[in-house]
Amino acid sequence: MNAIKAVLESWQQAVVDENLDNIMRHYSDDVVSFDAIKALQIVGKNNYAEHWKYCMGLCPGGVIMEIHELAIYEAEKVAFCHYLLRCGSVQDFGKENAGWMRATICLQLEQGQWKIVHEHFSSPFDPETGKAIFDAQP
């Protein structure tokens, strides 16, 4: 579990640093993402890199990415995690624009390294209005 936690912490730091190369080194070439932003699904590391560029462009003042309530389930060659994620950006004058999301991450051991093969980020929504609920609290 320590190896999986280290991968997630390294990924989280790469996101906060907005270092695309370091973000992408955590993913398998065949990653499939069900991201909460824009696309229904993103397939492949190159396509996901383009999506990450878009997402980072939405955060001109800096990225907020905090993992909370992390649970890790690990087997010999696969693992999955779920956690609550506080994410968003720092806006002008240091004001935060962040909310809570849910995350499920699946990893696979590839040539001795844990790589993310699937991510799923989501926000709860109000079925009466169809709008995402970004101010839900854990």
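Residues numbered from 1 in each chain as written. Predicted model: local features only at pLDDT ≥ 70, side-chain atom pairs only at ≥ 80, totals over all residues. Heavy atoms only, no water.

Chemist: Any chance you could explain the pairing of strand 1 (residues 27-34) here in plain terms?
Modeler: Here strand 1 pairs with strand 6 (residues 113-122) via 4 bridges, running parallel. What sits directly across from Ser 33, in strand 6, is Glu 119. Sheet topology note: the strand 1/strand 2 (residues 42-43) ladder contains 2 bridges and is antiparallel. What sits directly across from Val 32, in strand 2, is Val 43. (Pairing = 2+ DSSP bridges. Helix = DSSP H or I, 4+ residues; strand = E, 2+ residues; numbered from the N terminus.)

Chemist: Sorry if this is basic, but what is going on with the sheet that holds strand 1 here?
Modeler: What links the strands of a sheet is backbone hydrogen bonding, and the strands pair in either a parallel or an antiparallel sense. Across the sheet, 6 strands lie side by side as 2-1-6-5-4-3; this open sheet has mixed pairing. In the strand order of this sheet, the two ends are held by strand 2 and strand 3 (63-74), each with one partner. Contacting strand 1, strand 2, strand 3 and strand 6, helix 3 (residues 45-57) runs over the sheet at an angle of about 55° to strand 1. (Contact = heavy atoms within 4.5 Å. Axes fitted to C-alpha atoms, helices over the stretch in contact; angles between N-to-C directions.)

Chemist: What am I meant to see in the environment of Lys 38 here?
Modeler: Structurally, Lys 38 is set in the loop between strand 1 and strand 2. You can call Lys 38 exposed: its relative accessible area is 67%. Along the sequence, Lys 38 and Cys 55 sit 17 residues apart, while their C-alpha atoms lie 9.5 Å from each other. (Buried < 20%, exposed > 50% of the residue type's maximum accessible area, 1.4 Å probe, protein only.)

So far we have only geometry, and geometry alone does not tell us how the molecule works.
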